[in-house]
Every structure is written in C-alpha cells, then in structure tokens.
Amino acid sequence: MANYIGFDHLSHQKLLGFLIFITYFLVLLGSSTNICIILTDRRLHTPMYLLICNLAVVDIMFTSSTSTTMISVLLGEVKTISYYSCISSMSIYHLGDIEECLALSLMALDRTIAISTPLRYHSILTNPRLFLLITATWLIGLGVMGVVAAQADSLPYCQPIIRYMFCDYPAMVRAACVNPEPYWMLPTILGLWLVGAQLTFILLSYVNLIYTVLRLPNNESRVQVFNTCMCHIIVVFCYYVPKLVSVLLTRIGVRLNLTERNALLIIATLLPSLINPVVYCLKTKEIRKRLVQILSRKRTAVMK
C-alpha cells in the first residue's frame, strides 16, 4: 500500500475536491454528449466527426485516470492505494496523454487534407482508412505505455509514499529506492516525441493551411476556412500550453515546488478535457444543431 501526501499541505482540500468533482462531471457530460450525438446520427459518420468522437473517448479516459483518485483523496479522505492499482492508474494516465496528443495530430491531418485538396478529401480520407489510422495510434500508445509500465514495475520500492496528487511515472520513480536521475531519460524521450515531433507536425500543417488560405480568391472563403480550423486551434492551445510552460520553466532553471507542480498537473489534465467537448459542441454547426433538436424534443415532451 502507498500513501498520498500531495494534498496534505493544502488548507482547503474539500473546496479543491469539489471543484475537481464538478469539472470531472462536466467532462463526462460534455464528452458523452458528443459521443452519443455522433454515434446516433448516421449523417455524422464522417472522418471529422469520428475524430471528434475518438477525442471524446480519450478525454474521458485521460480525466478519469486522475480525477477519481483526486476526488477520493480530497473528498473521501482515502489516502492509500495498492501497488497494482497505482501502476494501473499510471498506465491509463500516460496512455490517455499519448492518445490525446496523437488524436490532435490526426485532426490536424484531417483539416490539412480537407482544405488543401477539398475535391479529393472524401476519396483520400475514407472511413476505413481513418479507422486504420485511429487503430494505429492506439497500438502505438499501448506499445509506448507498455515500455513505461515495465520500467516502473522493475523499480524496487521501499518508501510507500506518493508525493504528488496521483500515480504517474515521476511519482513512481521518486517513491523507488534508486537514484532517480537515470530514469528521467525515458520521459525526456517521450516528451521530445509528444511536445517536439507532434507539435512540430501540427504547426507545419498550419503553415501549409495558411499558405492555402492566402491563395483563396476572396475574404469570405478565408473566413470560412479560418472558422473551420478554429476549434482545433483552441484545443491544441489548451493541450500544449501547460506542457510548454513546464518545459520552458525547467529549461531556464526554475524549480517548481510541490504546490506549483500539482497546480500545473491539474490544469494540464483537466483543462483540455473540459474545453474540448465545449468547443466542438458550440463551434460545430451540425453537433450544435443536433443538440438543439434533442433538447427541443425533450422540452416539448415535458410540456405535453
């Protein structure tokens, strides 16, 4: 058994727990709504909406891996966890993080093809090909996560104390009876791949999109393309900014204390999953229209 001490220094634990609970509830509500709307409307069974559905599934998994632990610690005051539960939670958390990143890359690819070659879009990115791409991202995530879990499982543990808010790889390494420095190489490589390679790919896709937009004949077409990409831009911003802040602070020699690290982790974990369903529900015309239809029917049924 391990003990969580990441929240022990906080004076308003119940308030933080309540805020995390409300955020988690909204994530489940928003993501589940998007999934149900897309799966039940055959007109939305197109690559863009299937990618939104995939992102919603990832958001639920990513948030659940941490929120349930934090809620049980802060509201339920359950501050112990078994070893196998901890390493399972760690695996799901990092798998969700990897899949979130890869899902955003797939969505960038989708928008690039749709805007750069609109006439060939439906022939290039068919649903079967998209399913293969989504399956490939999950297989990649599971493979990478297997390496991380095997590394954590091989460590000898002598102090059953989790100094952070939930079980992740850094928390597991710091709980082990080893010099942690050699074990930071793995997360460094993963960070370069996630924040470096994937973000570079997304930025390059937007460079190509900007070039394509500038060649459009009128401002109306440019605004339409911009509105199409706005949802993805917001989602990418919310996912990568907390990670970039953490990396930049580390590179310039700023050492975060426990409270600051925990705050950054909460933002990086909960904010993207909270923003994603809201953005795609409000900014995507078809999903918004379908949601209004459902709510109108329920309101009519209640009035009758």
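A brief structural summary. (Residues numbered from 1 in each chain as written. Predicted model: local features only at pLDDT ≥ 70, side-chain atom pairs only at ≥ 80, totals over all residues. Heavy atoms only, no water.)

### Remarks on a nonpolar patch on the surface
No. 1: Where nonpolar side chains cluster on the molecular surface, the patch consists of Leu15, Phe18, Leu19, Phe21, Ile22, Phe25, Leu26, Leu29 and Leu75 and spans about 800 Å² of accessible area.
No. 2: Examined against the element boundaries, Leu29 turns out to sit in helix H1 (residues 13-40). (Patch = residues over 30% accessible without salt bridge, like charges linked within 9 Å, V, L, I, M, F, W, Y side chains within 5 Å. Areas by Shrake-Rupley, 256 points an atom, 1.4 Å probe, with all protein chains shown as cover. Salt bridge = Lys/Arg side-chain N within 4 Å of Asp/Glu carboxyl O. Helix = DSSP H or I, 4+ residues; strand = E, 2+ residues; numbered from the N terminus.)

### Thoughts on empty space enclosed by the protein
Which parts of space are left empty comes out when a probe the size of a water molecule is rolled across the atoms.
No. 1: Per the stated rule, a full pass over the model turns up one cavity of 30 Å³ or more.
No. 2: Taken together, Ser31, Asn34, Ile52, Leu55, Ala56, Asp59, Asn276, Pro277 and Tyr280 make up the lining of the largest cavity.
No. 3: Looking at the lining of the largest cavity, the elements that each hand over two or more residues are H1, helix H2 (47-74) and helix H9 (258-283).
No. 4: Of the residues contributing to the lining of the largest cavity, the split by class is five nonpolar, three polar and one charged. (1 Å grid on protein atoms, 1.4 Å probe; cavity = no way out; pocket = protein on both sides within 12 Å on 5 of 7 lines; lining within 4 Å. Points joined across faces, edges and corners; volume = space filled by probe spheres on them. Nonpolar A, V, L, I, M, F, W, Y, C, P; charged D, E, K, R; others polar.)

### Here's the deal with the environment of Leu29
No. 1: The class for Leu29 is partly exposed, based on a relative accessible area of 46%.
No. 2: The sequence separation of Leu29 and Ile60 amounts to 31 residues, and the corresponding C-alpha distance is 9.6 Å. (Buried < 20%, exposed > 50% of the residue type's maximum accessible area, 1.4 Å probe, protein only.)

### Focus on the state of the cysteines
No. 1: Summed over all chains, the structure comprises one disulfide.
No. 2: Between the sulfur atoms of Cys86 and its disulfide partner Cys167 the distance amounts to 1.9 Å. Judged by the sign of its S-S torsion, about -110 degrees, the bond between Cys86 and Cys167 is left-handed. Pair noted here: Cys86 is in helix H3 (residues 83-116) and Cys167 is in the loop between strand S3 (161-162) and helix H6 (169-175), with a separation of 81 residues, a long-range link.
No. 3: Its sulfur unpaired, Cys53 is 8.9 Å from the next cysteine sulfur, which belongs to Cys36.
No. 4: Among the cysteines around Cys238, which has no disulfide bond, Cys231 carries the closest sulfur, lying 12 Å off.
No. 5: Residue class for Cys238 comes out buried when judged on its relative accessible area of 11%. (Disulfide = S-S within 2.5 Å.)

Coordinates in, geometry out; function isn't part of it.
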